[in-house]
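For reference, the chains in residue letters:
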Amino acid sequence: MRVIAGTARRMVLVAPKGTDTRPTGDRAKEGLFNIIGPQIVGARFLDLFCGSGVIGIEALSRGASEAVFAEQAKPALDALKKNISAVRMDSAAVILPMSVSDAVRQLEREGREFDIVFLDPPYGKGLIEGTISDLAKSSVVNKDGLIIAETETSLPLPETSLLEQKRDYGRTRFLFFRIQGETE
């Protein structure tokens, strides 16, 4: 597992042992960043259910101005801290060692907004729909912000009108949601 492009290109990243964390494969990650690449530079990036932080670190390497990582599993947090340190991005990274719902509430209290939100929850537990709903109700995603969820191609699509598109890379599926800002 490595950073594909940008300032940390070719840096090797670690993942916790076991099957609780599934780092996004290089092919899928490259496909994702080919789609969102023009939106990354200067973006505020939120990585939910971040695991070892592979996606948020890739965003920072490609020019995101900051990345906030939310994760509560200790093995994943340990890997995340090692990875951020290894790529020397400590000043642009914030780690929230808590559940995603607690992280969203905290970020909302702090008045934080993000341009791109990525979430990679455990597959098949119905967490995408709930998290998208929570984000849509919050002020954490800025006006016309993009939300991307990673899931498995064998799982059904979430039922929401916010889904704009999907892209498949092998067994990995990315779902793209847009929360439309209010018109003035």
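Preceding this paragraph is the structure being described.
Quick caveat, the model's predicted, so the values are computed rather than measured.

Quick notes on the rules
Residues numbered from 1 in each chain as written. Predicted model: local features only at pLDDT ≥ 70, side-chain atom pairs only at ≥ 80, totals over all residues. Heavy atoms only, no water. Pairing = 2+ DSSP bridges. Helix = DSSP H or I, 4+ residues; strand = E, 2+ residues; numbered from the N terminus. Axes fitted to C-alpha atoms, helices over the stretch in contact; angles between N-to-C directions. Contact = heavy atoms within 4.5 Å. Buried < 20%, exposed > 50% of the residue type's maximum accessible area, 1.4 Å probe, protein only. Core = buried A, V, L, I, M, F, W, Y, C linked by side-chain atoms within 4.5 Å.

Focus on the sheet that holds strand β2 (residues 66–70)
Step number 1: Strand order in the open sheet formed by seven strands is β3-β2-β1-β4-β5-β7-β6, and the pairing between neighbours is mixed. At either margin of the open sheet sits one strand with a lone partner, and together these are β3 (93–96) and β6 (163–169). For this sheet, the mean angle separating the axes of adjacent strands, direction not counted, is 15 degrees.
Step number 2: As paired strands, strand β1 (residues 44–48) and β2 are joined by five bridges and run parallel to one another. Note on β2: the bridge partner recorded for D47 is F69.
Step number 3: Here helix α3 (residues 74–86) sits on the sheet in contact with β2 and β3, set at roughly 170 degrees to β3.
Step number 4: Lying on the sheet, helix α5 (residues 127–137) is in contact with β1, β4 (114–119), β5 (141–152) and β7 (172–178); it crosses β5 at an angle near 175 degrees.

Digging into helix α2 (residues 54–61)
Step number 1: Counting buried residues in α2 gives eight out of eight residues, a clear majority hidden from the surface.
Step number 2: Taken together, the buried positions of α2 are V54, I55, G56, I57, E58, A59, L60 and S61.
Step number 3: Here the buried face of α2 lies against α1 (26–40), β1, β2, α3, β3 and β4.

Topic: the nonpolar core
Step number 1: Within the largest apolar cluster, 32 residues are counted, with the highest numbers of intra-cluster contacts made by L32, F45, F69 and I148.
Step number 2: Among the secondary structure elements, those contributing two or more residues to this core are α1, α2, β2, α3, β4, β5 and β7.
Step number 3: Contacts of L32, omitting those with residues within four sequence positions, involve I55, F118, I148, Y169, F174 and F176.
Step number 4: With 24 residues, the next largest nonpolar core counts L46, M98, V100 and A103 among its residues.

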